[in-house]
Amino acid sequence: MSRKVDSKFVWMDGKIVTADEAKVSFFSHAVHYGTGVFEGVRCYDGALGPAVFRLPEHLERLRRSARGYFMEYLWTDAELTKAIAELIKLHGFRECYIRPLVQTGEGRMGVRPRECEINAFIAVWSWGAYLGPEALEKGIHAAIVEQRKYLPSALDPTIKACGHYLNSVLATKEAAARGYDEAILLNGHDRVAEGAGENVFVVHGDTLITNGPEESLLPGITRDSVLSIAHHLGIPVRIAPMTVEDLLGADEVFMTGTAAEVTPVGQINGRTIGRGGRGPITLQLQTNYLDAVRGRLERFVHWLTPVV
Ligand SMILES: Cc1ncc(COP(=O)(O)O)c(C=O)c1O
């Protein structure tokens, strides 16, 4: 089968192997039960040359996610950082997506992981705009889907685990089947949780609003970056639960994620949001975010780890 990504080498448990050699055992616990945790990180080419955006925060979340599923690994963040830089240089990438993944590997069979290896992998590949080349400029059409976000009492949404993404997979399939670009999931209280792979923001008047982790969401690193940027720009911010009416009646809606960056939402369930397309506050935050990730904002340059 032909590979759809331009990844040539993969870091596996301390060794760099070719992408063809990067194989996982069928007997890995993760293959059967979804016990992997992962990160999505981006490297951008900017004022400092290729640099990874908010890498310490991503590595911290990876470790926390792993702990949530009893998958402590011995690699230090410094070692993982070195491995990422090595891989990026080996590919000659100036910009790329980075996917660290830790899995519960081979061991005794059965649902309860017993005597299982813990494996750490890292891949890199080129990845442009996640929701298509025009999404950042023109905005996407999102669907509020029937599929609900799982309850935090069942799975912790703040953990980025492979198995948790079955919920997002079904949501994206449902949205696509209805002709939409992306899914927005509601939580157990019929309020907005998040996108299939993004957090959701609305603009009402001059105020930026997004929901908090108690609403069943992965509190994204992009979300946090946008909140810091908004604060810096003097945009009033409110963290509050959001209803469907809050979304449909908003002046602007956008979604954030490492992959999706800051993506405007022009329509939801066929209803135009505000004037449709990319609103002025979304544009301001998006421009500043894309400047920050490329080291063009002195105040946020500490978010970058240069690839050396
Ligand atoms: C379900 C979900 N929510 C939110 C996000 C945004 O997180 P981040 O901004 O850290 O990439 C992601 C992407 O990783 C996601 O998959």
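These numbers come from a predicted model, not from an experiment.

What follows covers the environment of Val244. With respect to the helices and strands, the residue Val244 is situated in helix H7 (residues 244–248). Its relative accessible area of 18% is what places Val244 among the buried residues. Setting aside chain neighbours within four positions, we find Val244 in contact with Ile144, Leu186, Asp190 and Val192.

Take the packing of aromatic side chains next. Per the counting criterion, the structure on display carries eleven aromatic pairs. Between the aromatic rings of Phe26 and Phe27, the centroid separation amounts to 5.3 Å while the plane-to-plane angle is 75°, which identifies the pairing as edge-to-face. A relative accessible area of 54% means that Phe26 is categorised as exposed. On the basis of an interplanar angle of 40° and a centroid distance of 5.3 Å, the ring pair of Tyr97 and Trp125 is categorised as tilted.

Here helix H2 (residues 55–68) crosses helix H3 (residues 77–91) at 120°, and the two axes come no closer than 11 Å. For the element pair H2 / H3, the angle class is oblique. Relative to H3, H2 is oriented so that their crossing is right-handed. Residues Leu55, Leu59, Glu60, Leu62 and Arg63 of H2 form the contact with H3, whose participating residues are Asp77, Leu80, Thr81 and Ile84. Among the residues forming the contact of H2 with H3, the class breakdown is five nonpolar, one polar and three charged.

Here we come to the domain arrangement of the protein chain. The domain architecture assigned to the protein chain consists of domain 1 (9–125) and domain 2 (135–292). For domain 1 and domain 2, the distance between their C-alpha centroids amounts to 26 Å. Contact with domain 1, which involves 20 residues of that partner, is made by 20 residues of domain 2. Inspection of the region where domain 1 meets domain 2 yields two salt bridges. In this structure, the salt-bridge partner of Asp156 is Arg64, at a minimum N-O distance of 3.8 Å. Our enumeration of links across domain 1 and domain 2 arrives at twelve residue pairs in polar contact (both at pLDDT 80 or more). Taken together, the elements giving at least two residues each to the side of domain 1 that touches domain 2 come down to strand E3 (36–38), strand E4 (41–46), H2 and strand E6 (96–104). When residues of the side of domain 1 that touches domain 2 are assigned to their parent elements, the largest contribution, six residues, is made by H2. The residue inventory of the side of domain 1 that touches domain 2, partitioned by class, reads eight nonpolar, six polar and six charged.

The rules behind the values
- Residues take numbers from 1 onward in each chain, read along the sequence in its written order.
- This being a predicted model, a pLDDT of at least 70 is required before a residue's local features are given, and a value of 80 or more before pairs of side-chain atoms are given or counted; all residues contribute to the totals for chains, interfaces and linings.
- Where side-chain values are given, they derive from all heavy atoms of the structure, hydrogens and water being excluded.
- Helix and strand assignments follow DSSP, with helices taken as H or I runs no shorter than four residues and strands as E runs no shorter than two, numbered in order from the N terminus.
- Classification of residues uses two cut-offs on accessible area relative to the type maximum, computed with a 1.4 Å probe and protein chains only: under 20% is buried, over 50% is exposed, and between them is partly exposed.
- Residue contacts are defined here by distance: any two heavy atoms, one from each residue, within 4.5 Å place the two residues in contact.
- Here a Phe, Tyr or Trp ring, Trp counted by its six-membered ring, pairs with any other such ring whose centre lies within 6.5 Å, and the pair is stacked when the planes are under 30 degrees apart, edge-to-face when over 60, and tilted otherwise.
- Only the stretch in contact is used when a helix axis is fitted, and all axes are lines through C-alpha atoms; the angle between N-to-C directions ranges over 0 to 180 degrees.
- To sort the angles, those under 35 degrees are grouped as roughly parallel, those over 145 as roughly antiparallel, those from 65 to 115 as roughly perpendicular, and the leftovers as oblique.
- A crossing counts as left-handed when the near helix is turned anticlockwise from the far one by less than a right angle, and as right-handed when that turn is clockwise.
- Think of it as three bins: nonpolar holds Ala, Val, Leu, Ile, Met, Phe, Trp, Tyr, Cys and Pro, charged holds Asp, Glu, Lys and Arg, and polar takes everything else, Gly as well.
- Domain start and end points were adopted from an automatic or database domain assignment.
- Salt bridge, as used here, is a side-chain nitrogen of Lys or Arg placed within 4 Å of a carboxyl oxygen of Asp or Glu.
- We call two N or O atoms a polar contact when they sit within 3.5 Å, provided that within protein one can donate a hydrogen and the other can accept it, with sequence-adjacent residues counted only if both atoms are side-chain atoms.

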